[in-house]
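Here is how the chains run, residue by residue.
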Amino acid sequence: MPTSVRGSNKELQRQLLLSPVRSLQDRGFTLIEMLVVLVIIGIIITMATLAVGNGRDATLKTEAQRVATLVDLAGDEATLQGRELGLQFTQTGYRFLFLQPAQSADKPAQWLPITDDRELRRRQFPSGVVPQLLLENVPQALPVKTPKTGTPPQVVLFASGERTPFTLRLGSGGNAAGYQVDAAPLGTPTVQRTGAAQ
């Protein structure tokens, strides 16, 4: 009899050891567990969306501030050098030009790109940035490619310190929010937020 009790005790121990493993394998996810996973996924997606949106906003703001600073710098350079400089925009970027005086009757004055200045070099807008140039509140058609040498700029920075007034709006595709650079004939250009999320 003691043998049978011992045998049954070993069998009971074996069943107790194996039963939790078997029940975990047979069991599925509870509704609570699934809801917790969905909430975590939702939080991660929301954080990723906000991070991407803030990154695009920061890119637009940085680029607008860069344009404003460079326009101000180029205006100072035009005054110091005593010559006219220009600013030529395309759909993908912008470049600064200088007006080379007429050499002779057969070599008239022409606009040439500035190539030897680190700050006033040709610039590309970051990927996804969409520019819109307004002169006297009229939108201008921006060329896709860089215009050929000699093409006049849209904005002139005069040696007197004045400039062609303009507004440059920078957005990102279909998004109405963005930044704009306002440059009056005199003074420092300003940058302000535009669009729906002001």
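Just so you know, these numbers come straight off a predicted model, no measurement behind them. (Residues numbered from 1 in each chain as written. Predicted model: local features only at pLDDT ≥ 70, side-chain atom pairs only at ≥ 80, totals over all residues. Heavy atoms only, no water.)

A.B. asks: Could you give an account of the overall build of the protein, with specific residues and numbers?
C.D. replies: In terms of helices and strands, the protein carries 2 helices and 10 strands. Start at the N end of the protein and walk to the C end: the helices and strands fall as α-α-β-β-β-β-β-β-β-β-β-β. Buried positions account for 28% of the 198 residues belonging to the protein. Excluding contacts between residues fewer than 6 apart, the proportion of contacts in the protein whose partners are at least 24 apart in sequence is 60%. For the protein, the computed accessible surface area is about 12900 Å², with 60% contributed by carbon and sulfur atoms. (Helix = DSSP H or I, 4+ residues; strand = E, 2+ residues; numbered from the N terminus. Buried < 20%, exposed > 50% of the residue type's maximum accessible area, 1.4 Å probe, protein only. Contact = heavy atoms within 4.5 Å. Areas by Shrake-Rupley, 256 points an atom, 1.4 Å probe, with all protein chains shown as cover.)

A.B. asks: An account of unusual backbone geometry is requested, with residue identities and associated values reported.
C.D. replies: The phi torsion at glutamate 136 lies on the positive side, around 55°, for a residue other than glycine. Here glutamate 136 shows up in the loop between strand E5 (130–135) and strand E6 (138–140). Positioned with a positive phi, asparagine 137 is a non-glycine residue whose angle comes to about 60°. With respect to the element layout, asparagine 137 can be found in the loop between E5 and E6. The class for asparagine 137 is exposed, based on a relative accessible area of 65%.

A.B. asks: Residue-level account of the pairing of strand E1 (residues 85–89), with values.
C.D. replies: With 5 of 5 residues buried, E1 is to be regarded as a mostly interior element. Side chains Leu85, Leu87 and Phe89 of E1 all project onto a buried face; the interleaved residues Gly86 and Gln88 project onto the opposite face, where all are buried too. Pairing geometry for E1 and strand E7 (residues 155–157), over 3 bridges, is antiparallel. If you follow leucine 85 over to E7, its bridge partner there is leucine 157. (Pairing = 2+ DSSP bridges.)

A.B. asks: Tell me about a nonpolar patch on the surface, and please be specific about residues and values.
C.D. replies: A contiguous nonpolar patch, built from Leu31, Leu35, Val37, Leu38, Ile41 and Ile45 and spanning about 590 Å² of accessible area, is present on the exposed surface. Looking at where isoleucine 41 falls in the secondary structure, it is placed in helix H2 (residues 31–81). (Patch = residues over 30% accessible without salt bridge, like charges linked within 9 Å, V, L, I, M, F, W, Y side chains within 5 Å. Salt bridge = Lys/Arg side-chain N within 4 Å of Asp/Glu carboxyl O.)

A.B. asks: I'd like to hear about the environment of arginine 95, residue by residue, with values.
C.D. replies: Mapped onto the secondary structure, arginine 95 falls in strand E2 (residues 93–100). On a C-alpha basis, the gap between arginine 95 and arginine 121 in space is 6.4 Å, while along the polypeptide they are 26 residues apart. Discounting residues that sit within four places of it in the chain, arginine 95 has contacts with Gly86, Leu87, Gln88, Pro113, Arg122, Thr146, Pro147 and Lys148. A polar contact is formed between the side chain of arginine 95 and the side chain of glutamine 88, at a distance of 2.7 Å. Only 3.0 Å separates the side chain of arginine 95 from the backbone oxygen of proline 147, close enough to count as a polar contact. (Polar contact = N/O pair within 3.5 Å; in protein donor to acceptor, adjacent residues only side chain to side chain.)

A.B. asks: Now, about the nonpolar core: what can you tell me, with residues and values included?
C.D. replies: Grouped together as the largest cluster of nonpolar side chains are 30 residues, with contacts concentrated most on Phe89, Phe96 and Phe166. Breaking this core down by element, the ones donating at least two residues are H2, E1, E2, E5, E7, strand E8 (166–172) and strand E9 (175–183). A total of 8 residues in this core trace back to one element, the largest contributor, which is H2. If sequence neighbours within four positions are ignored, phenylalanine 89 has contacts with Tyr94, Phe125, Leu133, Leu142, Pro143, Gln154, Val155, Phe166 and Leu168. (Core = buried A, V, L, I, M, F, W, Y, C linked by side-chain atoms within 4.5 Å.)

A.B. asks: Outline the side chain of glutamine 154, supporting the account with residue identities and numerical values.
C.D. replies: Checked against the element boundaries, glutamine 154 lands in the loop between E6 and E7. The contact partners of glutamine 154, leaving out residues within four places of it in the chain, are Leu87, Gln88, Phe89, Leu133, Leu135, Leu142, Pro143 and Thr164.

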